[in-house]
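For reference, the chains in residue letters:
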Amino acid sequence: LIPHDFSLTIVNDFKKKEFVATSLRLDKLISVMFGLSRAKAMDAIHMGSVKVNHKVIEQTDYLCNNNDIISFRRHGRVKLQVTARTTKAGNYIVEGLFYL
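A short tour of the structure in this document, coming up. (Residues numbered from 1 in each chain as written. Predicted model: local features only at pLDDT ≥ 70, side-chain atom pairs only at ≥ 80, totals over all residues. Heavy atoms only, no water.)

Along helix α1 (residues 26-34), 8 of the 9 residues are buried, which leaves the element largely enclosed by surrounding structure. What α1 keeps buried is the set Leu26, Asp27, Lys28, Leu29, Ile30, Ser31, Met33 and Phe34. The inward-facing, buried residues of α1 contact β1 (14-21), α2 (38-46), β2 (50-52), β4 (69-72), β5 (76-86) and β6 (92-99). Note on α1: the residue one or two positions beyond its end, Gly35, has a positive phi of about 65°. (Buried < 20%, exposed > 50% of the residue type's maximum accessible area, 1.4 Å probe, protein only. Helix = DSSP H or I, 4+ residues; strand = E, 2+ residues; numbered from the N terminus. Contact = heavy atoms within 4.5 Å.)

Here's what the structure looks like:
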């Protein structure tokens, strides 16, 4: 029996990394965050190995949003955090919170 005052708290541990991305397209973010060429990132997306917010996405030009969770089969899961900062060239500075 579980007591009535029992509460369950879920705590996620993250490892934060910063990246510079030219756009928030899914193929570009996979390439930058997981250290792959864009061609390999596109192949993985087309094969159904990438999910955004727990849904398989097969469009390489899918635009990600702040706080999206990107799962890449056999590579890990990361929560995207779009910062308000940009580079001089106008590129996005994004943070990836990698689940441990």
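Right, picking up where we left off after that structure.
Owing to its 3.6 residues per turn, the α-helix aligns residues three or four sequence positions apart on the same side. Regarding α2, the residues found buried are Ala41, Ala44 and Ile45. Down the axis of α2, the smallest arc covering the buried residues is 100°, so these residues share one side. Where α2 is buried, its residues meet α1, β2 and β4. In the stretch just after α2, Gly48 is the one whose phi turns positive, near 85°. (Arc of directions from axis to C-beta.)

What follows deals with the sheet that holds β2. Ordered by their spatial adjacency, 6 strands build an open sheet running β1-β6-β5-β4-β2-β3, and the pairing between neighbours is antiparallel. Since the sheet does not close on itself, it has two edges, and those belong to β1 and β3 (55-56), each with one partner. Sheet analysis places β1 next to β6, joined by 8 bridges and oriented antiparallel. Among the inter-strand pairings, Glu18 is bridged to a residue of β6, identified as Glu95. (Pairing = 2+ DSSP bridges.)

Let's shift gears to a nonpolar patch on the surface. Nonpolar side chains collect at one region of the surface, where Phe6, Leu8 and Ile10 lie side by side and expose about 400 Å² of accessible area between them. Using a relative accessible area of 69% as the deciding quantity, one classes Leu8 as exposed. (Patch = residues over 30% accessible without salt bridge, like charges linked within 9 Å, V, L, I, M, F, W, Y side chains within 5 Å. Areas by Shrake-Rupley, 256 points an atom, 1.4 Å probe, with all protein chains shown as cover. Salt bridge = Lys/Arg side-chain N within 4 Å of Asp/Glu carboxyl O.)

Attention shifts here to the packing of α1 against α2. Packing of α1 against α2 leaves a shortest axis separation of 8 Å and a crossing angle of 120°. With respect to α2, the axis of α1 lies oblique. Between α1 and α2 lies a crossing whose hand is right-handed. For the pair formed by α1 and α2, the contact residues are Leu26, Asp27, Lys28, Ile30 and Ser31 on the first element and Arg38, Ala41, Met42 and Ile45 on the second. (Axes fitted to C-alpha atoms, helices over the stretch in contact; angles between N-to-C directions. Parallel < 35°, antiparallel > 145°, perpendicular 65-115°, else oblique. Left-handed = near helix turned anticlockwise from the far one by under 90°.)

Enumeration according to the criterion identifies 4 salt bridges in this entry. One salt bridge in this structure joins Lys16 and Glu95, with 3.9 Å as the shortest N-O distance. Of the two residues, Lys16 sits in strand β1 while Glu95 sits in strand β6, which places them 79 residues apart along the sequence. Looking at Lys16, the relative accessible area reads 53%, which means it is exposed. Among the ionic pairs, Glu18 bridges to Arg85, the shortest N-O distance being 2.5 Å. Of this pair, Glu18 sits in strand β1 while Arg85 sits in strand β5, and the two are 67 residues apart along the sequence. Judged by its relative accessible area of 47%, Glu18 is partly exposed.

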